[in-house]
Amino acid sequence: MNEEVRVRFAPSPTGNLHIGGAHTALFNWLWARHTGGKFVLRIEDSDRERSTKEFEESIYLGLRWLGLLWDEGPEVGGPHGPYRQSERLDIYHSYAEKLLNDGLAYREGEAIIFRVIPGEVVSFDDIVYGHIEVKSETLKDIVLIKSDGMPTYNYAVVIDDFTMGITHVIRGEDHIANTPKQILLYKAFGWDIPQFAHLPMILGKDKKKLSKRHGATNVLEYKDMGFLPEALFNFLSLLGWSPGNDREIFSVQEAIEWFDIKDVNKRAAVFDMDKLRHINQEHIKLMDPQSRLEAVKPFWKALGLPFEQHDPQYLAKVLEIMEGRGQTLRELAEYTDYFLTFEPVKARVDKEYVESSKDILRPFCEEMIKLPQWDTKTLEEFARRWSEERQVPLKKIAMPLRILLTGTKVSPGIFEVIELLGPEETKKRLAYWEIL
């Protein structure tokens, strides 16, 4: 590429960073990283009443959590600032004056309005949607500066993109209707027009426009739900793009390598929570034991589970044998509670079930506890031998044992669990149920 690619993400701080915004930011960031270009963050806070500092901070946190670090913008600086529209009012006014002086705009009270000349065909080649053209007589005159002195969206965005050297405007397809108006302004100033790429709409599974009911609105809520940033990154990348070869699980680095804005599909993308959960589960599996442990700790803490009392190696092993169970970090924390403390098990087990299990379990456990070796293989072999000799189906031992030790019907292999709990803890739990 001859010129450096410069893209931007320009959120309004009138709300948190939501899925739609994160998706737009991610595609801009990927194109910048793929081409070795620059990713600019600009805050469009011209709506003074609804814009807040809290929402602005929340947007920064959401982007950083997803790993979408910006090269220029607030808190980072850069040669094309300021990067907040509220700090650029002089710039907007000076360019509006130029259009007034050239006879291309007129005043209406305190407002400045751009005159749209009929009879012109405004056209552009969108990277995603192809050739688009509009007759200028279908467009109204464009307000540049409102009577309160603030710029309008369609005007400010052109000034900002030009003065910040933006080469590719990558944004949601709901902005296609704005593009012809913006092109007229570029032409009025005699400026080069950037390349436009409009991203497909994201729909819920019911094929309706994505809303709060389809999933959390704030990206950071996914963090609280136990999703990994790299998994959400992976999932969002697939909304309108694919690396080919039916590949669904990939790293950030692989996405950077394979991504091309020309490959974005214009068909509406579907936000499928089940798919996100599956992708998250696959990314949890890919983590090294130490990283996985650190990621789960806050969720154990939130559940009030005493993980600090246990050896880190034991905890890492606990999560290792859970592989494939739990699609989020929160679920992983919930599903492993019985490894950390016996209390939830006591609360979950029905006393009548304990009584009905005693006759079979007591003789089995009395022998099991005397085994000289305490590993999964030895425990399994003993259980098979015992059940064959007594002609008791193995599941009649394994299931009650699982329920009494874990409080749940679903767990890793019960003898793996027993090995990990160790003879002392296993004995203690069985004694509580008066099995031993």
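Because the structure is a prediction, the values reported are computed rather than measured.

Rules used in this analysis
- What you see as residue numbers is a count from 1 along each chain, following the sequence as written.
- Since the coordinates come from a predicted model, pLDDT governs what is reported: local features require at least 70, and pairs of side-chain atoms require 80 or more to be given and counted, while whole-chain, interface and lining totals use all residues.
- Side-chain calculation: all heavy atoms of the structure are included, whereas hydrogens and water are not.
- Comment: elements are numbered from the N terminus, with helices defined as DSSP H or I runs of at least four residues and strands as E runs of at least two.
- In this setup the radius of gyration rests on C-alpha atoms only. A globule is expected at 2.2 Å times the number of residues raised to 0.38.
- For each residue, the accessible area found with a 1.4 Å probe, counting protein chains only, is set against the maximum for its type, and the residue is called buried under 20%, exposed over 50%, and partly exposed in between.
- Contacts are residue-level and defined by heavy atoms, with any inter-residue pair within 4.5 Å sufficient.
- Using the Shrake-Rupley algorithm and a 1.4 Å probe, accessible areas are obtained, with residue cover drawn only from the displayed protein chains.
- A positive count includes Lys and Arg, and a negative count includes Asp and Glu. His and the chain ends are not counted in either.
- For this purpose, a charge sits on NZ of Lys, CZ of Arg, CG of Asp or CD of Glu.
- The span one expects for a helix is its residue count, reduced by one, times 1.5 Å.
- Axes here mean lines fitted to C-alpha atoms, for a helix over just the part in contact, with angles spanning 0 to 180 degrees between N-to-C directions.
- The cut-offs work like this: below 35 degrees is roughly parallel, past 145 is roughly antiparallel, 65 to 115 is roughly perpendicular, and the gaps in between are oblique.
- By convention, the crossing between two helices is left-handed when the near helix turns anticlockwise from the far helix through less than a right angle, and right-handed when the turn is clockwise.
- With a 1 Å grid laid over protein atoms only, a set of points is called a cavity when a 1.4 Å probe fits there but cannot get out and a pocket when it is open yet has protein on both sides within 12 Å along at least five of seven lines; lining residues have an atom within 4 Å of a point.
- Grid points are joined across faces, edges and corners, and a volume is the space filled by probe spheres set on the points.
- Residue polarity follows a fixed list, in which Ala, Val, Leu, Ile, Met, Phe, Trp, Tyr, Cys and Pro are nonpolar, Asp, Glu, Lys and Arg are charged, and the others, Gly among them, are polar.
- Pairs of strands are assigned from DSSP output, requiring at least two bridges between the strands.

## Thoughts on the overall build of the chain
Next, step 1: Within the chain one finds 18 helices and 11 strands.
Next, step 2: For 436 residues, the compact-globule estimate of 2.2 N^0.38 gives 22 Å, and the chain exceeds it by more than 25% at 30 Å.
Next, step 3: With the C-alpha coordinates aligned to their principal axes, the bounding extent of the chain is approximately 100 × 40 × 35 Å.
Next, step 4: The burial tally for the chain puts 51% of its 436 residues in the buried class.
Next, step 5: Sequence-distant contacts, at least 24 apart, represent 72% of the contacts inside the chain between residues at least 6 apart.
Next, step 6: When the accessible surface of the chain is split by element, carbon and sulfur atoms take 49% of a total near 20600 Å².
Next, step 7: If the 57 positive side-chain charges of the chain are averaged to one point and the 69 negative ones to another, these points end up 4 Å apart.

## Describing helix H10 (residues 289-302)
Next, step 1: In a regular helix each residue adds 1.5 Å, so 14 residues correspond to 20 Å; H10 covers 21 Å between its end C-alpha atoms and thus fits that length.
Next, step 2: The inward-facing, buried residues of H10 abut helix H6 (219-225), helix H9 (273-286), helix H11 (312-321), helix H12 (329-335) and helix H13 (337-340).
Next, step 3: Taken from the residues just after H10, Gly304 is the one with a positive phi, measuring 75 degrees.

## Observations regarding unusual backbone geometry
Next, step 1: Gly81 connects to Pro82 through a cis peptide bond whose omega is -5 degrees.
Next, step 2: By the secondary structure assignment, Pro82 is in the loop between helix H2 (53-66) and helix H3 (89-101).
Next, step 3: One non-glycine residue, Glu75, lies in positive phi territory at about 70 degrees.
Next, step 4: Examined against the element boundaries, Glu75 turns out to sit in the loop between H2 and H3.
Next, step 5: The residue Lys207 is not glycine, and still its phi comes out positive at about 65 degrees.
Next, step 6: Along the chain, the position of Lys207 falls in the loop between strand E10 (202-203) and H6.

## Side note on the packing of helix H15 (residues 351-368) against helix H16 (residues 376-390)
For any two helices packed against each other, the geometry comes down to the angle between their axes and how far apart the axes lie.
Next, step 1: Following both chains from N to C, one finds H15 and H16 inclined at 135 degrees, their axes separated by 11 Å at the closest point. By the criterion of interaxial angle, the relationship of H15 to H16 is oblique. Between H15 and H16 the crossing geometry is right-handed. Here H15 contributes Ile360, Pro363, Phe364, Glu367 and Met368 to the contact with H16, which in turn contributes Leu379, Phe382, Ala383, Trp386 and Arg390.

## What about empty space enclosed by the protein?
Next, step 1: The final tally for this structure, using the stated rule, is 1 cavity of 30 Å³ or more.
Next, step 2: Here the largest cavity defines a volume of roughly 70 Å³.
Next, step 3: What lines the largest cavity is Gln281, Ile284, Lys285, Arg292, Leu319, Met322, Glu323, Gly324, Arg325, Gly326 and Leu332.
Next, step 4: With 3 residues, H9 is the single largest residue contributor to the lining of the largest cavity.
Next, step 5: Its residues placed into classes, the lining of the largest cavity shows 4 nonpolar, 3 polar and 4 charged.

## Thoughts on the pairing of strand E4 (residues 111-114)
Next, step 1: Burial along E4 is two-sided: the face carrying Ala111 and Ile113 and the face carrying Ile112 and Phe114 are both buried.
Next, step 2: With 4 bridges connecting them, strand E3 (residues 105-108) and E4 associate as antiparallel partners. Each residue of the ladder has a partner; that of Ala105, found in E4, is Phe114.
Next, step 3: The turn joining E3 and E4, which pair antiparallel and follow one another in sequence, is formed by 2 residues; a positive phi near 65 degrees is taken by Gly109.
Next, step 4: Looking at chain direction, E4 and strand E7 (residues 142-145) are connected through 3 bridges and run antiparallel. Within E7, the position partnered with Phe114 by the bridge is Ile142.

Note that all results are geometric; they support no functional claim without further evidence.
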